[in-house]
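Here is how the chains run, residue by residue.
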Amino acid sequence: MGTFRAVKEGTSDSAARAPVLAVSSNKGGVGKTTLVANLAIYLRALREDLPVLVVGLDDQQVLDRMFALGPATPGDGNLKHGWAERTLERVIRVGEYGVHFVPSPADVSLLKGRAENPMTLRGLLDRTAWRGIVILDAKSDLEALTLNAFHAADRILVPIADWSSLEEAGKIFRILERSQVGRGRARVVFTLVDHRARATGGGTLLQALLEEVRSRRWPYYKTYLSRSPKVESLNSATSKPLSILHHARGTAVHGQMRELTHEVLQDLGMAPVARPMADEPSVLWGKRRLVAAPGSARPSTATGATELREFSRRR
Ligand SMILES: Nc1ncnc2c1ncn2[C@@H]1O[C@H](COP(=O)(O)OP(=O)(O)OP(=O)(O)O)[C@@H](O)[C@H]1O
Ligand SMILES: [Mg+2]
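To start, this report covers the structure provided alongside it. (Residues numbered from 1 in each chain as written. Chains lettered and ligands numbered in written order. Predicted model: local features only at pLDDT ≥ 70, side-chain atom pairs only at ≥ 80, totals over all residues.)

1. Details of the sheet that holds strand β3 (residues 93-94)
Alright, step 1. Here seven strands make up an open sheet; going across it, the order is β3-β4-β2-β5-β1-β6-β7 and the pairing mixed. The open sheet terminates on both sides in strands that have one partner only, identified here as β3 and β7 (186-190).
Alright, step 2. The pairing of strand β6 (residues 155-160) with β7 spans five bridges and is parallel. When the sheet's bridge partners are listed, Val-158 is paired in β7 with Val-188.
Alright, step 3. Taken strand by strand, helix α7 (residues 163-178) contacts β6 and β7, and its axis lies near 160° from that of β6. (Pairing = 2+ DSSP bridges. Helix = DSSP H or I, 4+ residues; strand = E, 2+ residues; numbered from the N terminus. Contact = placed C-beta atoms within 7 Å. Axes fitted to C-alpha atoms, helices over the stretch in contact; angles between N-to-C directions.)

Right, here's the structure in full:
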């Protein structure tokens with residue numbers, strides 16, 4: 001497990017920077033953007049000291065609508081300008097919930113043409129004086145920008161929601177194995193989990209997917225994200241998607257997002273120290289207490305039955 005040293009202001013030293021996360025699946029609609037946006041918000045809440053920057057590598061502009069504090073003005077740059085300037089500094093904007101974001105261009109095809117070298121984005125982030133975590137929302141493809149995301153990322157979160165997204169995840173693992181990135185940075189995240197969904201063998205779909213992920217020895221996060229009508233409506237009821245943390249605290253997904261964020265931070269060696277109940281932002285977190293962060297967090301790997309028990313307990 002990699003542990004990240006304390007970040008320094010304005011550094012271009014990659015050893016001292018905060019980590020970069022990428023969320024990627026070649027299958028569309030598995031919850032990538034929902035995970036990116038809400039992970040950013042929960043990270044801000046769990047680590048108030050840590051700035052968070054989200055960068056969308058597709059042209060859907062969902063993240064812009066979610067985080068923009070107001071309409072964009074003509075002088076505002078977007079990722080395309082940052083790419084041309086070889087640093088994101090000018091195009092980073094502060095957004096809702098204290099999350100920073102880089103506006104997405106209306107069309108990413110031009111960017112793809114300038115991303116043939118898979119290290120381009122890594123270099124661009126290294127030249128950007130940003131002292132916080134970065135989360136990249138990759139497009140549903142395995143083309144140049146997505147490969148750039150893989151090379152820039154310290155952790156690549158791969159959502160799996162069903163069998164076809166599991167098979168698509170296999171392509172990501174193969175690409176990582178063949179490249180200098182390696183598969184060790186990838187972490188499966190089970191998304192859109194519906195416990196009513198059954199596998200052909202009789203158990204739940206989640207159990208079947210989990211067994212398959214274990215048999216392929218893919219590292220995965222223990223915390224999965226359930227399918228929730230409330231979350232769906234937060235995303236789709238208005239043009240501006242709303243935060244789970246601020247608008248869906250009564251749902252299971254709220255607790256799961258909090259646990260998953262904690263698990264990601266542990267995996268990165270950046271988990272906050274548990275605080276007494278009185279100090280917790282109970283309005284946001286509800287009554288549950290944070291679990292003390294162990295000294296070293298390990299991602300789940302394909303061994304043992306602990307995770308399955310975890311899964312069944314949380315059902
Ligand atoms: N936990 C959830 N419960 C219910 N619906 C969800 C959940 N997460 C995401 N969705 C819905 O699933 C759909 C796809 O989600 P999202 O846009 O996050 O996926 P994506 O992988 O980014 O898609 P794309 O490939 O189009 O970029 C959206 O309608 C979203 O509202
Ligand atoms: Mg998306």
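2. Quick notes on the site of ligand 1
Alright, step 1. The full set close to ligand 1 counts 18 residues, and Gly-28, Lys-32, Thr-33, Thr-34 and Asn-235 are the nearest of them.
Alright, step 2. For the shell around ligand 1, the secondary-structure elements that each account for two or more residues are α1 (32-46) and α9 (229-236).
Alright, step 3. Within the shell around ligand 1, the residues separate by chemical class into five nonpolar, 10 polar and three charged. (Near = placed C-beta within 6 Å. Nonpolar A, V, L, I, M, F, W, Y, C, P; charged D, E, K, R; others polar.)

3. Things to note about the pairing of β6
Alright, step 1. Within β6, six of the six residues are buried, which leaves it mostly tucked inside the rest of the structure.
Alright, step 2. Along β6, one buried face is formed by Arg-155, Leu-157 and Pro-159 and the opposite face, lined by Ile-156, Val-158 and Ile-160, is buried too.
Alright, step 3. By the bridge criterion, three bridges tie strand β1 (residues 20-23) to β6 in an arrangement that is parallel. The residue bridging Val-23 from the neighbouring strand is Leu-157, located in β6.
Alright, step 4. Note on the crossover from β6 through α7 to β7: the handedness is right-handed. (Buried ≥ 20, exposed ≤ 12 C-beta atoms within 10 Å, placed from the backbone. Right-handed = clockwise from strand over helix to strand, strands pointing away.)

4. A look at α7
Alright, step 1. Between its first and last C-alpha atoms α7 spans 23 Å; for 16 residues at 1.5 Å apiece the expected length is 22 Å, and the two agree.
Alright, step 2. Within the span of α7, buried status applies to Ser-165, Leu-166, Glu-168, Ala-169 and Ile-172. Mapping the buried residues of α7 onto a view down its axis gives an arc of 160°, with all of them on the same face. Across from the buried face of α7, at angles greater than 90 degrees, the exposed residues are Arg-174, Glu-177 and Arg-178.
Alright, step 3. In this structure, the buried side of α7 is in contact with β6, β7 and α8 (205-215). (Expected span 1.5 Å × (residues − 1). Arc of directions from axis to C-beta.)

5. Topic: the nonpolar core
Alright, step 1. Ranked by size, the top nonpolar core spans 85 residues in total, and within it Ala-22, Ala-40, Val-54, Ile-135, Leu-136 and Ala-149 carry the most contacts.
Alright, step 2. A total of eight residues in this core trace back to one element, the largest contributor, which is α1.
Alright, step 3. Among all residues touching Ala-22, those that are not within four sequence positions of it are Leu-136, Ala-138, Ala-149, Phe-150, Ala-152, Ala-153 and Ile-156. (Core = buried A, V, L, I, M, F, W, Y, C linked by C-beta atoms within 7 Å.)

6. Some remarks on helix α11 (residues 252-267)
Alright, step 1. Across its 16 residues, α11 extends 22 Å between first and last C-alpha, which sits within 8% of the 22 Å expected from 1.5 Å per residue.
Alright, step 2. Burial analysis of α11 places 14 of its 16 residues in the buried class, which makes it a mostly covered element.
Alright, step 3. A positive backbone phi angle near 70° is found at Gly-269, which sits one or two residues after α11.

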